[in-house]
Amino acid sequence: MLNEICDMLDGYTGRDKIIRTLCYTTKLASGLYTQSDPTRAKKLAIFSSKMSQTRATLRLFDDLPMLAYSLSYGYGNKEPDRWMGLIGFVTNLIDHAYYPVDKICWLIEHNLLNVENPTRWDTINSILWVASIYLNLMKTIRSFTVMEQHKSCIDKKENEASQAFRMLLIKQRMEAISILRLTLDLVHAGSTLPKGMLWGGCFQTWHVGLIGSVSSLLGLYQYVAKKRIVKQSSA
């Protein structure tokens, strides 16, 4: 377990997942302690805020990795389904629009950039975030459906007992977890919108903390599970 934790901390993705988990679990605790222990709630809220700021700062360097990924992804020709490729391509375009806006919001938050209406940039940021998560959710649902179609084509017992079929089942279960995680992320992202847009502003602090905590823990599980699946498939 120690080695797995160290492996996660050595890489950007794993470290981000740990920081995200700390951010939302402390936000949840802060919301739960608001009435019973305001002093502790305030300290937890500060810690959660600092973790969130850390993630926002690290995102400043995501443009080039995102560009490299988009160039390798292209129009999604390597996807098993043309709709998945189209959704993936559009999602990449939205993400490329999101990162510059996210940087502007970061500059505004730290008083490095003055604009007439900073709230407008936060709203644009949230809209792009919601759109990206929604499309990723649609793509994942489509991927799950395609895998189910592949399963229905396998009717021989010898094929059902094969390693390839077992890997298909494992990948499908992972996609099911992704659907749940992305649904939670979509609910969370929608709550950051202004009041009057979707369910923006309707959640309390502990609601956001609970949704984010469950999503983060699912993400941690998937990260570890995927690494183990890779080891098993290469063994």
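Calculation notes
Residues numbered from 1 in each chain as written. Predicted model: local features only at pLDDT ≥ 70, side-chain atom pairs only at ≥ 80, totals over all residues. Heavy atoms only, no water. Helix = DSSP H or I, 4+ residues; strand = E, 2+ residues; numbered from the N terminus. Buried < 20%, exposed > 50% of the residue type's maximum accessible area, 1.4 Å probe, protein only. Domains from an automatic or database assignment. Contact = heavy atoms within 4.5 Å. Buried area = accessible area lost by both parts, 1.4 Å probe. Salt bridge = Lys/Arg side-chain N within 4 Å of Asp/Glu carboxyl O. Polar contact = N/O pair within 3.5 Å; in protein donor to acceptor, adjacent residues only side chain to side chain.

As annotated in an unreviewed UniProt entry, the chain is Peroxisomal membrane protein 11C from Anopheles dirus.

In this model, Asn111 sits at a positive phi of 60°, which is unusual for a non-glycine residue. Structurally, Asn111 is set in the loop between helix H5 (82-109) and helix H6 (118-152). Not every positive phi belongs to a glycine, and Leu198 is a case in point at roughly 50°. With respect to the helices, strands and loops of the structure, Leu198 is situated in the loop between helix H8 (163-191) and helix H9 (205-234). For Leu198, a relative accessible area of 57% gives the class exposed.

Here the focus is the domain arrangement of the chain. What the domain assignment reports for the chain is domain 1 (1-60) and domain 2 (62-203). Between the C-alpha centres of domain 1 and domain 2 the distance comes to 22 Å. Opposite the 9 residues of domain 1 that make contact, domain 2 presents 10 residues. With both sides pooled, the region where domain 1 packs onto domain 2 buries about 830 Å², and carbon together with sulfur makes up 44% of that total. Contact with domain 2 buries area across many residues of domain 1, yet Arg20, Arg59 and Leu60 alone supply 62% of it, more than any other trio. Put simply, domain 1 and domain 2 have 2 salt bridges between them. Between Arg59 and Asp102 there is a salt bridge, and its shortest N-O distance comes to 2.8 Å. For the pair domain 1 and domain 2, the number of links is 7 residue pairs in polar contact (both at pLDDT 80 or more). Elements with a minimum of two residues in the side of domain 1 that touches domain 2: helix H2 (12-32) and helix H3 (38-58). Looking at the side of domain 1 that touches domain 2 element by element, the count peaks at 4 residues for H3.

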